[in-house]
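# Inside the fold
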Amino acid sequence: MKRMMIATALATTIGTAGFAATEAEIQQVQSFDESIDTSVLTDTQYDIAYGIVTSGDSFSEKSSKLRALTTKNELEQDAAVISEAEMNRLLSYAPDADFSTITQAQAEMALSATYGSDSHSEVTQRVRSILRGDDNTALINVGSNVERLLLDYAPDADLTGLTAEELSIAMSYINSDMTRTETAERIQALLY
């Protein structure tokens with residue numbers, strides 16, 4: 001689940017209202033790696049960046065994800081930037097995938113899909129479709145384990161309209177060092 005953070009780091013800004021990053025969180029993001037200019041981030045992206053900075057990843061992984069987030073628009077059309085573990089995860093579903101032709105958005109959506117269904121064949125079909133460019137939908141079907149995890153934080157959430165970006169952000173909150181109460185508040189704000 002920690003590897004899901006790259007999808008979060010590069011998630012497209014969504015229109016769903018959430019908590020704006022506090023001044024302390026913004027300061028923590030800005031001071032994490034001063035070689036990265038985070039002044040270009042939106043409030044939503046600062047929220048994502050805070051999840052990255054407080055995750056359990058190594059400093060280099062955090063820096064890489066933060067740098068990718070600050071250059072998201074430039075990366076959107078370029079080949080995907082994902083970790084070796086994430087690439088291996090995608091290759092387990094789509095062994096013939098050509099990562100030199102896959103955009104960052106496709107990689108994010110495909111990674112999200114790997115966490116989104118109980119059926120291996122459904123996930124395989126969805127991942128292959130996304131990586132081929134045949135799947136332009138933003139909605140994702142979450143599997144029962146992910147559904148239980150999300151509903152543990154947001155019991156009244158309707159997950160039928162959940163997008164890959166929303167799932168990625170919610171998972172970043174769960175994997176961050178935030179308190180359970182803060183995590184629940186942010187997930188509820190995102191999903192309600």
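Residues numbered from 1 in each chain as written. Predicted model: local features only at pLDDT ≥ 70, side-chain atom pairs only at ≥ 80, totals over all residues. Heavy atoms only, no water.

### Focus: the overall build of the protein
Summing up its helical and strand segments, the protein has 11 helices and 0 strands in all. Ordering the α and β elements of the protein from the N terminus gives α-α-α-α-α-α-α-α-α-α-α. Among the 192 residues that make up the protein, the fraction classed as buried is 53%. Long-range contacts, defined as pairs at least 24 residues apart, comprise 68% of the intrachain contacts of the protein with a sequence gap of at least 6. Entry remark: accessible area of the protein is about 8900 Å², with carbon and sulfur atoms responsible for 48%. (Helix = DSSP H or I, 4+ residues; strand = E, 2+ residues; numbered from the N terminus. Buried < 20%, exposed > 50% of the residue type's maximum accessible area, 1.4 Å probe, protein only. Contact = heavy atoms within 4.5 Å. Areas by Shrake-Rupley, 256 points an atom, 1.4 Å probe, with all protein chains shown as cover.)

### Some remarks on the nonpolar core
Residues Leu150, Ile187 and Leu191 are the most contacted members of the largest nonpolar core, which totals 34 residues. For this core, the secondary structure elements donating two or more residues are helix H2 (23-32), helix H3 (43-53), helix H4 (59-70), helix H9 (144-153), helix H10 (164-175) and helix H11 (180-191). When near neighbours in sequence (up to four residues on either side) are disregarded, Leu191 contacts Ala154, Ala157, Leu159, Leu162 and Glu166. Judged by nonpolar contacts, the second largest core, of 18 residues, contains Ala80, Ile82, Phe99 and Ile102. (Core = buried A, V, L, I, M, F, W, Y, C linked by side-chain atoms within 4.5 Å.)

### Side note on the pattern of salt bridges
On inspection of all chains with the given rule, the structure shows 5 salt bridges. Salt-bridge contacts for Asp47 lead to Arg186; the nearest nitrogen and oxygen are separated by 2.1 Å. Separated by 139 residues along the polypeptide, Asp47 in helix H3 and Arg186 in helix H11 bring together distant segments of the chain. Each member of the pair, Asp47 together with Arg186, is buried. Residues Glu182 and Arg186 are paired through a salt bridge, measuring 3.3 Å at the closest nitrogen-oxygen approach. Residue Glu182 and its partner Arg186 are both found in helix H11; the two are separated by 4 residues, about one turn of the helix. Each of Glu25, Asp47, Glu182 and Arg186 takes part in salt bridges that share partners, so that together they form one network. (Salt bridge = Lys/Arg side-chain N within 4 Å of Asp/Glu carboxyl O.)

### A closer look at the packing of aromatic side chains
Applying the stated criterion to the full structure yields 1 aromatic pair. Between Arg180 and the ring centre of Tyr153, over which it is positioned, the NZ or CZ distance is 4.5 Å. (Phe/Tyr/Trp six-rings, centres within 6.5 Å; stacked < 30°, edge-to-face > 60°. Lys NZ or Arg CZ within 6 Å of the ring centre and 35° of its normal.)

### Some points on the confidence of the model for the protein
Chain-level pLDDT for the protein is 76 on average; 80% of the residues reach the 70-or-more range. Below pLDDT 50 for its whole length, residues 73-77 participates in 8 contacts with residues either more than four positions away or in separate chains. (pLDDT = per-residue confidence, 0-100.)

### Details of H3
Counting buried positions along H3 gives 9 out of 11 residues, so the element sits mostly inside the fold. Those residues of H3 lying buried are Gln45, Tyr46, Asp47, Ile48, Ala49, Tyr50, Gly51, Ile52 and Val53.

### Describing the side chain of Thr124
Relative to the assigned elements, Thr124 resides in helix H8 (residues 120-132). Among the polar contacts listed, one links the side chain of Thr124 to the backbone oxygen of His120, at a separation of 2.8 Å. (Polar contact = N/O pair within 3.5 Å; in protein donor to acceptor, adjacent residues only side chain to side chain.)

### Observations concerning the packing of H9 against H10
Taken N-terminus to C-terminus, the directions of H9 and H10 make an angle of 65°; their axes are 11 Å apart at the nearest point. It follows that H9 is roughly perpendicular to H10 by the angle criterion. For the pair H9 and H10, the sense of crossing is left-handed. Between H9 and H10, the residues in contact are Val146, Leu149, Leu150 and Tyr153 and Leu167, Ala170, Met171 and Ile174, respectively. (Axes fitted to C-alpha atoms, helices over the stretch in contact; angles between N-to-C directions. Parallel < 35°, antiparallel > 145°, perpendicular 65-115°, else oblique. Left-handed = near helix turned anticlockwise from the far one by under 90°.)

### With respect to the environment of Asp177
Within the fold, Asp177 resides in the loop between H10 and H11. Note on Asp177: relative accessible area 60%, which makes it exposed. Expressed as a C-alpha distance, the spacing of Asp177 and Ile52, which sit 125 residues apart in the sequence, is 9.8 Å. In contact with Asp177, other than residues within four places in its own chain, are Thr54 and Ser55.

### Let's talk about the environment of Ala164
Inspection of the secondary structure puts Ala164 in helix H10. A C-alpha to C-alpha distance of 8.9 Å links Ala164 and Leu111, two positions 53 residues apart in sequence.

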